[in-house]
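Overview (structure and organization)
Spelled out, the chains give:
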Amino acid sequence: MAVLSVSGLRLLPSARGLRRGCRAPPPREVQASGTARVCGSLRRRRSSTEHRLRYRHATSPRRGRGRARPPARRPPAPPATGTAAARNPALRAGPAAGTASRRTAEPPPPRWSRLRPGRAMLPWGPALRAAGLLRSAAPRRAPCGPDLPRFLRGAAAAVPGPGPQPESQPGSFPGTGKVYLETYGCQMNVNDTEIAWAILQKNGYTRTKELDEADVILLVTCSVREKAEQAIWNRLQHLKALKAQRQRARLPLRIGILGCMAERLKEEILHREKLVDIVAGPDAYRDLPRLLAVAESGQQAANVLLSLDETYADILPVQTSAGGTTAFVSIMRGCDNMCSYCIVPFTRGRERSRPIASILQEVRMLSDQGVKEVTLLGQNVNSFRDMSVVQFQSAAAPVLSRGFSTIYKAKPGGLRFAHLLDQVSRIDPEMRIRFTSPHPKDFPDEVLQLIQERPNICKQLHLPAQSGSTRVLEAMRRGYTREAYLELVHHVRDSIPGVSLSSDFIAGFCGETEEDHQQTVSLLQEVRYNIGFLFAYSMRQKTRAYHRLQDDVPAAIKKRRLEELIAVFREEAARANKAMVGQSQLVLVEGPSKRSASELCGRNDGNIKVIFPDAEIEDAAGCKALVRAQPGDYVLVKVTSASSQTLKGVLLCRTTLSRSAACR
């Protein structure tokens, strides 16, 4: 059966299909309006009555120009001498030969007989034509109407489906509603929220921060762990009551799920929660205006196709961070590492990098807007590889960190992360540059040297270890051993004195023993990270661990091991942070502290939160007048106390990044 499928919804032809007897176009693949691909041919059923009429029309003599009528039932007349019947014994068979009537003498045509222009419609047509009893009729013309391509174009435009969609041009699906956006998960989701809002804003939507005012509610979701998904299901239950209230008041409310959870669960979201109107994966944000237009008509709409080249390079995100002091810039999407526990390759697809030119354009725009800190984002950010510049497509593949390996072959060609980092850091000497999240395998010496030399590249690195056990690391397919990881840590600290380190750890991975857990504890103690992200293992469908390993660590043991890791991390982080007491830290002011209106907060070069009083201070430029620090200012703070997560201190003066670097 031919199926027209657009963005997850299917349109089935009402008829079961054309018989082979109709002159339908051969099966082929049709591209409809550049969107859904429709395979197969349309078929239409022909009744046996129509076959019988066509047979009688072809074998009966014509009466004028009218339609031939079935001949009357009467005994066959004796054949005349010299006629075709007399010359052909096969046509003289009568009742005595076992054919009592014309109905028995003339069997009905085969059900699936081929009816082609200019040919007999029956298998014995040549014999009848030779006998002079069958005339070659002109082929019958089908009534005028839309042809197949036109039908497919119209259907593809009207029905959403999973096929690749044309991007919604600004104004092609204009909207007038208010949109409420809610973000869950990592920094990539924050950037995705800004991209989605930029697309909707160009199509006429307005944004609201009040849930009760919204005509459209969009949740940008995370699927890395089960707990993150459960938070979305709980939120949908709350929105269910709101939507029911709107329906009683006859005020439409459309709810959409965007991001990784939409990509992973797809149909389950639409079927389990009937209140969800649209589902859009991470590579389908351009299609949001069209999906919302379909949902406005009362239908559910979805587009969850992953792309091999979508980077949203031509879309400048609308920044949503408070105060406009910091911003995220996505430089690549997807991941090829295929760690056995990770769902990211299945929710965000393969690695693809933005052209460097578009990244530099966005960073310049942010600099002009007064943004003071930019974080370069990617699932595997330091694997950046821009293939848009022809002369660099044959460049040699980079060398991995010593003792590290990958499951895929080294990829030659392209401009690499070191080149991008160099170019971005040159745009504005007063703009801090960070990047996350990297993989430990991709830290060549040129990247470390660049971080050490440039004062506006933060001396902070994220080195996700995941485990301290070589056996568990092998099961995770991380591509390194405990010893190789520690060697990299020592090399980083030798190359960048005073560097701040952060990491990720998973407690209770498949097959993890108590000995494996203790090795992770000892790694935390040996490295002494400043920042840590620790979680209990949550098995995800589609991953290698889901298909090859057993989640055999009980939940209670996972919880205990996680609590032990958190306790050890906090103890070691507090020791590392207390080493800064008495030192002066350059802090970028972000705004008022959440706990006290009389205090300000910001972050130092190592991305550690710093709290200090909101007081009048001098300007290091030599101005005698006292000033108050504002968001976006750089200030020097003398640290007076420290905990595992924050530093506290007193203001010294307002300064600039360049002036602070010159005084070191």
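I will try to describe carefully the structure that is included in this document. (Residues numbered from 1 in each chain as written. Predicted model: local features only at pLDDT ≥ 70, side-chain atom pairs only at ≥ 80, totals over all residues. Heavy atoms only, no water.)

Describing the environment of Arg 385
For the record, the criterion: Secondary structure elements follow DSSP: runs of H or I no shorter than four residues count as helices, runs of E no shorter than two count as strands, and numbering proceeds from the N terminus. Relative accessible area decides the class of each residue, using a 1.4 Å probe on protein chains only: under 20% of the type maximum gives buried, over 50% gives exposed, and in between gives partly exposed. Contact criterion: two residues are considered in contact whenever any of their non-hydrogen atoms come within 4.5 Å of each other.
Inspection of the secondary structure puts Arg 385 in strand β15 (residues 385-386). Its relative accessible area of 24% is what places Arg 385 among the partly exposed residues. Between the C-alpha atom of Arg 385 and that of Pro 355, which follows or precedes it by 30 residues, the distance is 8.8 Å. Excluding anything up to four places from it in sequence, Arg 385 contacts Ser 353, Lys 411, Pro 412, Gly 413, Gly 414, Leu 415 and Arg 416.

Concerning the pairing of strand β19 (residues 500-507)
Which entries qualify depends on this criterion: Strands qualify as paired when DSSP identifies two bridges or more between them. Orient the strands so they point away from the viewer; a crossover is then right-handed if the path from the first strand over the helix to the second runs clockwise.
Extensive coverage of β19 is indicated by the burial of 8 of its 8 residues. Covered by surrounding structure in β19 are Ser 500, Ser 502, Asp 504 and Ile 506 together with Leu 501, Ser 503, Phe 505 and Ala 507, the residues of both alternating faces. Of the strand pairs in this sheet, β19 and strand β20 (residues 531-536) are connected by 6 bridges, and their pairing is parallel. For Phe 505, the partnering residue across the bridge sits in β20 and is Leu 534. A crossover links β19 with its parallel partner β20, the connecting element being helix α17 (residues 514-527), and its sense is right-handed.

Points about the pattern of salt bridges
Rule in force here: For this document, the term salt bridge refers to a Lys or Arg side-chain nitrogen within 4 Å of an Asp or Glu carboxyl oxygen.
In this structure the tally under the stated criterion is 39 salt bridges. Notably, a salt bridge pairs Arg 540 with Glu 229, separated by 3.1 Å at the nearest N-O pair. Here Glu 229 lies in helix α7 (residues 226-248) and Arg 540 lies in the loop between β20 and α18 (544-548), a separation of 311 residues in the sequence. Across the pair, Glu 229 and Arg 540 agree in class, each one buried. Glu 514 serves as the salt-bridge partner of Arg 561, at 3.2 Å between the closest nitrogen and oxygen.

Considerations on the state of the cysteines
Note the following rule: Only a pair of cysteine sulfur atoms within 2.5 Å qualifies as a disulfide here.
For the structure shown, the criterion picks out 0 disulfides. Here Cys 335 stays unpaired: no disulfide links it, and the sulfur of Cys 342, its closest cysteine neighbor, is 6.2 Å away.

Digging into the sheet that holds β20
Stated precisely, the cut-off is as follows: A fitted line through C-alpha atoms serves as each axis, taken over the contacting stretch for helices, and the angle formed by two N-to-C directions is quoted from 0 to 180°.
Read from one edge to the other, the open sheet built from 3 strands follows the order β18-β19-β20, with strand pairing classed as parallel. Both edges of this open sheet fall to β18 (460-462) and β20, since each of them pairs with a single strand only. Shown here is a sheet whose adjacent strand axes are inclined to one another by a mean of 10°, direction ignored. Its contacts with the sheet place helix α19 (residues 555-578) against β19 and β20, and it is angled at close to 175° to β20.

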